[in-house]
Amino acid sequence: MGTNGSTMLEPLRQGLPPLDPAAVSDAASCALPARYEAVREARRFTRKTLDRWDMGDRFDDVCLVVSELVTNALRHGLPANSACAGGREAPVRLHLMRWTERLVCAVRDPSHDSPVARETDDFSAESGRGLFLVDSFSDSWGWHPLAGALDGKVVWALFRLPRSGTRPHGE
């Protein structure tokens, strides 16, 4: 309302999503190498985790968001030339956390730069749309810098889940 479209996708620079970490019912994480095959590994890990949590019906949306977050971390969150250079360390980490009515995907990378949704009117462009997709397929997203021994930042996306016993209508 009265603002241009660029502020709509301004990432929320805040702490973790408004959820109590102590109340998490399930959590899983995997380290991802600085190679673009890591996106495929992240998708495989997400599939296995959601199947184990009996949430396979959410796989398509969640996996699309995970793919975009991991791709962004590899493309923009690593020092130049480290992705595809076959580095042995795993600088990117994917976390999946589930609460009763929420699922959060969080991707950690070593960069301190904020994620930026680039404005593009070319919807056939191969890059620049990742955060638009994250914004479209998740219920909310944001990022925060890490403190202490961990360096870098975490970019997260939150999905609302139906209450157990109820199914979403028309979704």
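Since this is a predicted model, take the numbers as computed values, not measurements.

Helix and strand counts for the protein come out as three helices and six strands. If you list the helices and strands of the protein from N to C, you get β-β-α-α-β-β-α-β-β. Buried residues in the protein amount to 42% of all 171 residues. For the protein, long-range pairs separated by at least 24 residues make up 69% of all intrachain contacts whose partners lie at least 6 apart in sequence.

Let us look at unusual backbone geometry. The phi torsion at Asp-54 lies on the positive side, around 60 degrees, for a residue other than glycine. Tracing the chain through its elements places Asp-54 in the loop between helix H1 (38–52) and helix H2 (59–76).

Bringing the pattern of salt bridges into the picture now. For the coordinates displayed, the defined rule picks out five salt bridges. The residue Glu-37 makes a salt bridge to Arg-35 at a minimum N-O spacing of 3.0 Å. By relative accessible area, Arg-35 is classed as partly exposed at 27%. With its nearest N and O atoms 3.6 Å apart, the salt bridge here joins Arg-160 to Asp-139. Of this pair, Arg-160 sits in strand S6 (residues 153–160) while Asp-139 sits in the loop between helix H3 (130–137) and strand S5 (140–145), and the two are 21 residues apart along the sequence.

The element S6 is extensively covered by neighbouring structure, given that seven of its eight residues are classed as buried. Sheet topology places strand S4 (residues 102–109) next to S6; eight bridges connect them, and they run antiparallel. Paired with Val-104 across the two strands is Leu-158, which belongs to S6. Two strands pair when backbone bridges link them, and S5 and S6 are joined in this way by six bridges, in the antiparallel orientation.

Remark: H2 packs on H3, axes separated minimally by 9 Å, with the N-to-C direction vectors making an angle of 150 degrees. As judged from the angle between their axes, H2 and H3 are roughly antiparallel. The interaxial crossing formed by H2 with H3 has left-handed handedness. Every residue of H3 that contacts H2 at Asp-61, Leu-64, Val-65, Glu-68, Leu-69 and Asn-72 is listed here: Gly-130, Leu-131, Leu-133, Val-134 and Phe-137. The residue makeup of the contact of H2 with H3, split by class, is seven nonpolar, two polar and two charged.

Leu-32, Val-66, Val-70, Leu-94 and Leu-103 are the most contacted members of the largest nonpolar core, which totals 35 residues. Here this core takes nine residues from H2, the largest share from any one element. Among all residues touching Val-70, those that are not within four sequence positions of it are Leu-32, Ala-38, Val-39, Ala-42 and Val-107. Judged by nonpolar contacts, the second largest core, of eight residues, contains Met-97, Trp-99, Ala-106 and Trp-156.

Take the packing of aromatic side chains next. Evaluation of the coordinates by the stated rule reveals zero aromatic pairs. Between the NZ or CZ atom of Arg-47 and the centre of the ring of Phe-59, over which it lies, the distance is 3.7 Å.

Time to look at H2. In this model, H2 (18 residues) spans 25 Å end to end at C-alpha, consistent with the 26 Å of a helix rising 1.5 Å per residue. The elements touched by buried residues of H2 are strand S2 (26–32), H1, strand S3 (92–98), S4, H3 and S6.

Moving on to the confidence of the model for the protein. Per-residue confidence for the protein gives a mean pLDDT of 78; residues scoring 70 or more make up 70%. For residues 122–126, every residue scores under 50 in pLDDT, and the model assigns this stretch three contacts once sequence neighbours within four places are set aside. Note that residues 166–171 has pLDDT below 50 and, in this model, two contacts with residues that lie over four places away or in other chains.

Reading the values: the criteria
Residues numbered from 1 in each chain as written. Predicted model: local features only at pLDDT ≥ 70, side-chain atom pairs only at ≥ 80, totals over all residues. Heavy atoms only, no water. Helix = DSSP H or I, 4+ residues; strand = E, 2+ residues; numbered from the N terminus. Buried < 20%, exposed > 50% of the residue type's maximum accessible area, 1.4 Å probe, protein only. Contact = heavy atoms within 4.5 Å. Salt bridge = Lys/Arg side-chain N within 4 Å of Asp/Glu carboxyl O. Pairing = 2+ DSSP bridges. Axes fitted to C-alpha atoms, helices over the stretch in contact; angles between N-to-C directions. Parallel < 35°, antiparallel > 145°, perpendicular 65-115°, else oblique. Left-handed = near helix turned anticlockwise from the far one by under 90°. Nonpolar A, V, L, I, M, F, W, Y, C, P; charged D, E, K, R; others polar. Core = buried A, V, L, I, M, F, W, Y, C linked by side-chain atoms within 4.5 Å. Phe/Tyr/Trp six-rings, centres within 6.5 Å; stacked < 30°, edge-to-face > 60°. Lys NZ or Arg CZ within 6 Å of the ring centre and 35° of its normal. Expected span 1.5 Å × (residues − 1). pLDDT = per-residue confidence, 0-100.

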